[in-house]
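# A look at the structure
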Number of protein chains: 2
Amino acid sequence: MARLALSDADAQVRRWFADEAREIGCELTVDQMGNMFAKRRGRSRSPAPMTAMGSHLDTQPRGGRYDGILGVVAAMEVLRTLHERGYHTQYDIGAVNWTNEEGARFPKSMLSSGVWAGDIPIEKAWELADISDPSITVKSELERQGLLGQVACSHDGYPLGAHFELHIEQGPILQERKKRIGIVQGAQAYRWFSFTIAGQDAHTGTTPLDMRHDPLLAAAKMIASSNVIAKQFGGLASTGVLRLPTNSSTNTIASSATFMLDIRHPSDEALADMQGEILSSFEKIAGEDGGVRLSWRLDTDSPAVKFHPDCIGAVERAADKLVGPGGWLPIVSGAGHDSVYTSRRCPSTMIFVPCKDGVSHHPEEYCTPEDCALGAQALLDAVLDYDQMRRR
Amino acid sequence: MARLALSDADAQVRRWFADEAREIGCELTVDQMGNMFAKRRGRSRSPAPMTAMGSHLDTQPRGGRYDGILGVVAAMEVLRTLHERGYHTQYDIGAVNWTNEEGARFPKSMLSSGVWAGDIPIEKAWELADISDPSITVKSELERQGLLGQVACSHDGYPLGAHFELHIEQGPILQERKKRIGIVQGAQAYRWFSFTIAGQDAHTGTTPLDMRHDPLLAAAKMIASSNVIAKQFGGLASTGVLRLPTNSSTNTIASSATFMLDIRHPSDEALADMQGEILSSFEKIAGEDGGVRLSWRLDTDSPAVKFHPDCIGAVERAADKLVGPGGWLPIVSGAGHDSVYTSRRCPSTMIFVPCKDGVSHHPEEYCTPEDCALGAQALLDAVLDYDQMRRR
């Protein structure tokens, strides 16, 4: 699937969403970020905000057919099922399609749920340019596609009573543990660092080991050390980027090296402790083997998120009924999702279903039809349970 | 200094060499690779080949003023001193300027001493193209500069009785140990490998550590391990090149990694043992943390070279006299030199003098005038000692 946010392909699927919403008797609202809300009125006619089921229909440029899409399609299927069976919830219930969750075209992930939550100023969001054409902005595309709504994009402009999001796991844990449903407790904290190591270029044949200042050796030891420390803390430490000067050669010690470090943990406190241990290990390594100069920068700091116990409880009861207590797993989201932002403003949680080998953001992304259906059923059962809970 | 082999600047310094040789009564021969031999006849009029003092006058494109040059200039100074003092050796004695030692313009190091030793076929050497202009070859430049001599470039065409080479150390050992002369015992064995690690790209936030196949983590552990093993063996292990796929990103485990490994040891047997230990450590690491697929290739295999005890002895006696037994150091050459090739066909050794901070192939390359003079004096004393030895 290649459906970049606010592209013509995105406008096309949004027309489907709008048509579908009207066909099943929902009221459609588009806000100033193009977020789409389809609301089915509850029988109490309460003015309380709706229980929402949301995710996103945009994808990576060479993405899969499930990431985001499953959550919106399942939400519409829940609404259609209620409509066809003539079932009326107590409170309003509805579906949300969040704009530019992927950040693939306009380079900020979860852009419009971020604006809605008040974390990203709307002017900044509107100004964001298409990564391949700086003359195109979020606002110009919203206008061109007729998606620049009147309603303020905010938790005041269009408040939500709760937010449930069905999503593929995008990791291998459910498949590995043979569980069909993951009940998401929150999102782990993560921090991104860049490290620069300055050493001294030197001939590999004429420079004894103890007279070297070898930045790549130091980086290698640091990467290995961060992995050992992450294991001790039950967290994650990952390096996906490492760069040497372009003139590097087999028989020359490099003059410098840079690498990125991504550390994650479900607990903010544990992450801070883990960071402390990693940094002191890096300082120690920088002093070994003749020594190198280490400098670092914190590039991203995203605190842990805890989802709401009422929403989690509703999903647990649904999952117990569908797969039994042994069939589901409490899980922490490793990736960012719109629910991370909604959780700042309304009770939220997510339902994960397995995806093959954990592959995502890739054409081979796959979730079986049975698991898609089970996820949609869990979503339906959970929102009805939550609707009952709200009534009490 | 920027004097690429067979360039106009090289032709200019070669005219100086030729003029100088004639001025001090030497007989000049240029062979089919442009190697220049300046011979001063010995008083015995023996047909035995001359005791040679050789090195090279070509440099890296942004090189220093000592690497190679010191050895040729000192050789000419030795010949001039003998000439001016009217001292006559028993056997013929002379200086050699070897063509394209650096391999910087025509990409093969020690090209013409390699042809002379019979290790590089002359046709292959002649065909080598200028790295920045494929229409120019070694042979076309030899012809253009009038340096394509009649004498066969070989140890038969112009045999040498011995080869002594004064050179800067190109490493930091003499400076660090406060020694003014290094007596070179030989050149260490070295092997170059390329390693390719295939893993699996994965999201850093959603993929548990034990479900990863992380090629960069494996490479980091391998680089660190090769360093530990090299220390145990008293050898060298170095990685100066490491590459990840161009689409690497902070929150994605890379799909693959490649790196080069350069291992060195003065002993062939120890190098082979070291290689075995490193490879089995790499295999073990490849099986850890979920596993990666490791493949490797041996790119270069250069056996250890042992210089001749008679030449080494002559330099030792000279050094004892000049700086005392505590003032010099037996040393193993880490870099390649023309003497490595000559040693296959005649008794050879080298004399090292300190260079500032071990810096070489760089404009900041520096050897004090005092150390240059001391090296030249050691060269003179050693060749006279060797001449005496030949007489006995």
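Residues numbered from 1 in each chain as written. Chains lettered and ligands numbered in written order. Predicted model: local features only at pLDDT ≥ 70, side-chain atom pairs only at ≥ 80, totals over all residues. Heavy atoms only, no water.

Under an unreviewed UniProt entry, the name given to chain A is Probable beta-alanine synthase, and the organism recorded is Cephalotrichum gorgonifer.

Along chain A, the regular secondary structure elements total 11 helices and 18 strands. Taking 392 residues into account, the globule formula puts the C-alpha radius of gyration at 21 Å, and chain A, at 24 Å, falls close to it. By principal-axis analysis of the C-alpha atoms, chain A measures approximately 85 × 50 × 35 Å. Out of the 392 residues belonging to chain A, those deemed buried represent 60%. Put simply, 79% of the contacts in chain A that link residues at least 6 apart link residues at least 24 apart. Of the accessible surface of chain A, which amounts to about 15400 Å², a share of 50% is contributed by carbon and sulfur atoms. In chain A, which carries 40 positive and 50 negative side-chain charges, the distance between the mean positions of the two groups comes to 4 Å. (Helix = DSSP H or I, 4+ residues; strand = E, 2+ residues; numbered from the N terminus. Rg over C-alpha atoms; globule rule 2.2 N^0.38 Å. Buried < 20%, exposed > 50% of the residue type's maximum accessible area, 1.4 Å probe, protein only. Contact = heavy atoms within 4.5 Å. Areas by Shrake-Rupley, 256 points an atom, 1.4 Å probe, with all protein chains shown as cover. Lys, Arg positive; Asp, Glu negative; His and termini not counted. Charge placed at Lys NZ, Arg CZ, Asp CG, Glu CD.)

With that settled, consider the interface of chain A and chain B. Contact with chain A, which involves 47 residues of that partner, is made by 47 residues of chain B. Roughly 4000 Å² is buried in total at the junction of chain A and chain B, and carbon and sulfur atoms are behind 66% of that figure. Scanning the region where chain A abuts chain B turns up 2 salt bridges. Salt-bridge contacts for Lys231(B) lead to Asp289(A); the nearest nitrogen and oxygen are separated by 2.6 Å. Counting only elements with at least two residues in the side of chain A that touches chain B, the list comes to α6 (173-177), α7 (215-233), β11 (236-238), β13 (252-253) and β14 (256-265) of chain A. The leading source of residues in the side of chain A that touches chain B is α7(A), at 9 residues. (Buried area = accessible area lost by both parts, 1.4 Å probe. Salt bridge = Lys/Arg side-chain N within 4 Å of Asp/Glu carboxyl O.)

On to the side chain of His56(A), then. All names here are of chain A. The topology assignment puts His56 in the loop between β3 (51-55) and α2 (69-85). Within the structure, the side chain of His56 is placed 3.3 Å from the side chain of Asp67, a separation counted as a polar contact. Sequence-distant contacts of His56, defined by excluding residues within four places in its chain, comprise Asp67, Gly68, Ile69, Val72, Asn97, Trp98, Glu101, Glu102, His167 and Asp338. (Polar contact = N/O pair within 3.5 Å; in protein donor to acceptor, adjacent residues only side chain to side chain.)

Further remarks concern the pairing of strand β14 (residues 256-265) of chain B. All names here are of chain B. Across the 10 residues that make up β14, a large majority, 8, are buried. Pairing analysis gives 10 bridges linking strand β9 (residues 189-198) to β14, with the strands arranged antiparallel. Bridge pairing links Phe195 to Phe259 in β14. By the bridge criterion, 3 bridges tie strand β11 (residues 236-238) to β14 in an arrangement that is antiparallel. From the neighbouring strand, Leu236 faces β14, where its bridge partner is Arg264. (Pairing = 2+ DSSP bridges.)

This part is about the domain arrangement of chain A. All names here are of chain A. We note that the domain assignment places domain 1 (8-187 + 304-391) and domain 2 (189-302) within chain A. Between the C-alpha centres of domain 1 and domain 2 the distance comes to 38 Å. Listed per partner, the contact involves 5 residues of domain 1 and 5 residues of domain 2. Summed over both partners, the interface of domain 1 with domain 2 comes to about 370 Å²; 43% of that surface belongs to carbon and sulfur atoms. Per-residue buried area on domain 1 facing domain 2 is highest for Ala304, Val332 and Gly334; these three make up 79% of the total on that side. Here domain 1 is connected to domain 2 by 0 salt bridges. At the surface where domain 1 touches domain 2, the tally comes to 2 residue pairs in polar contact (both at pLDDT 80 or more). Residues that form the side of domain 1 that touches domain 2 fall into these classes: 3 nonpolar, 1 polar and 1 charged. (Domains from an automatic or database assignment. Nonpolar A, V, L, I, M, F, W, Y, C, P; charged D, E, K, R; others polar.)

Residues and elements named next belong to chain B. Across the interface, helix α1 (residues 8-23) lies against helix α2 (residues 69-85) with an axial gap of 10 Å and an inter-helix angle of 15 degrees. When the axis of α1 is compared with that of α2, the two are roughly parallel. Crossing of α1 over α2 shows left-handed handedness. Between α1 and α2, the contacting residues are Trp16, Phe17, Glu20, Ala21 and Glu23 on the first element and Val72, Val73, Met76, Arg80 and His83 on the second. Of the residues contributing to the contact of α1 with α2, the split by class is 6 nonpolar, 1 polar and 3 charged. (Axes fitted to C-alpha atoms, helices over the stretch in contact; angles between N-to-C directions. Parallel < 35°, antiparallel > 145°, perpendicular 65-115°, else oblique. Left-handed = near helix turned anticlockwise from the far one by under 90°.)

Evaluated as defined, the whole model comprises 24 aromatic pairs over all chains. Taking 5.7 Å as the distance between ring centres and 70 degrees as the angle between the ring planes, the aromatic pair formed by Trp98(A) and Trp116(A) counts as edge-to-face. With a gap of 18 residues between them, Trp98(A) in the loop between β4 (93-97) and α3 (111-116) and Trp116(A) in helix α3 connect regions that are remote in the sequence. The buried category is assigned to Trp98(A), whose relative accessible area is 1%. Its relative accessible area of 0% is what places Trp116(A) among the buried residues. For the ring pair Phe195(B) and Phe282(B), a centre distance of 4.9 Å and an interplane angle of 70 degrees mean the geometry is edge-to-face. With Phe195(B) in strand β9 and Phe282(B) in helix α8 (residues 268-286), this residue pair connects regions lying 87 residues apart in the sequence. Phe282(B) carries the same exposure label as Phe195(B), and that label is buried. Between the NZ or CZ atom of Lys139(B) and the centre of the ring of Trp126(B), over which it lies, the distance is 4.3 Å. (Phe/Tyr/Trp six-rings, centres within 6.5 Å; stacked < 30°, edge-to-face > 60°. Lys NZ or Arg CZ within 6 Å of the ring centre and 35° of its normal.)

Tracing the backbone shows Thr239(B) in the loop between β11 and β12 (242-243). Within polar-contact distance, the side chain of Thr239(B) engages the backbone oxygen of Met260(B) at 2.9 Å. In this structure, Thr239(B) is in contact with Leu216(A), Ile223(B), Phe259(B), Met260(B) and Leu261(B), ignoring residues within four places of it in sequence.

The next point concerns the relation of the copies chain A and chain B. Note that the two copies of the chain are related through a rotation about an axis and a translation along the same axis. Once chain A is rotated about the relating axis by 180 degrees and shifted along it by 0.1 Å, it coincides with chain B to within an RMSD of 0.1 Å. Both chain copies can therefore be described as sitting about a two-fold axis. Nearest to the rotation axis, the C-alpha of Ala220(A) is located 2.0 Å from it, this being the minimum over chain A. Here 100% of the interface residues in chain A have copies in chain B that are interface residues too; the copies meet face to matching face. (Least-squares fit on C-alpha atoms with pLDDT ≥ 70 in both.)

So, on to the environment of Thr51(A). All names here are of chain A. Positionally, Thr51 belongs in strand β3. Distance from Thr51 to Arg40, taken between C-alpha atoms, is 9.8 Å for residues 11 residues apart in sequence. Those residues in contact with Thr51 that sit more than four places away from it in its chain are Asp92, Ile93, Gly94, Ala162, Phe164, Val383, Tyr386 and Arg390. One polar contact links Thr51 to Arg390, side chain to side chain, over a distance of 2.8 Å.

Quick look at unusual backbone geometry now. One non-glycine residue with positive phi stands out, namely Asn100(A), at about 55 degrees. Within the fold, Asn100(A) resides in the loop between β4 and α3. Not every positive phi belongs to a glycine, and Met110(B) is a case in point at roughly 55 degrees. With respect to the helices, strands and loops of the structure, Met110(B) is situated in the loop between β4 (93-97) and α3 (111-116). On the basis of relative accessible area, Met110(B) is assigned to the buried category, the value being 13%.

Residue and element names in this part refer to chain A. Under the defined criterion, the tally for this structure stands at 46 salt bridges over all chains. Between Arg80 and Glu84 there is a salt bridge whose closest N-O contact spans 3.1 Å. You can see Arg80 and its partner Glu84 sitting in helix α2, 4 residues apart, about one turn around the helix. We classify Arg80 as buried; its relative accessible area is 18%.

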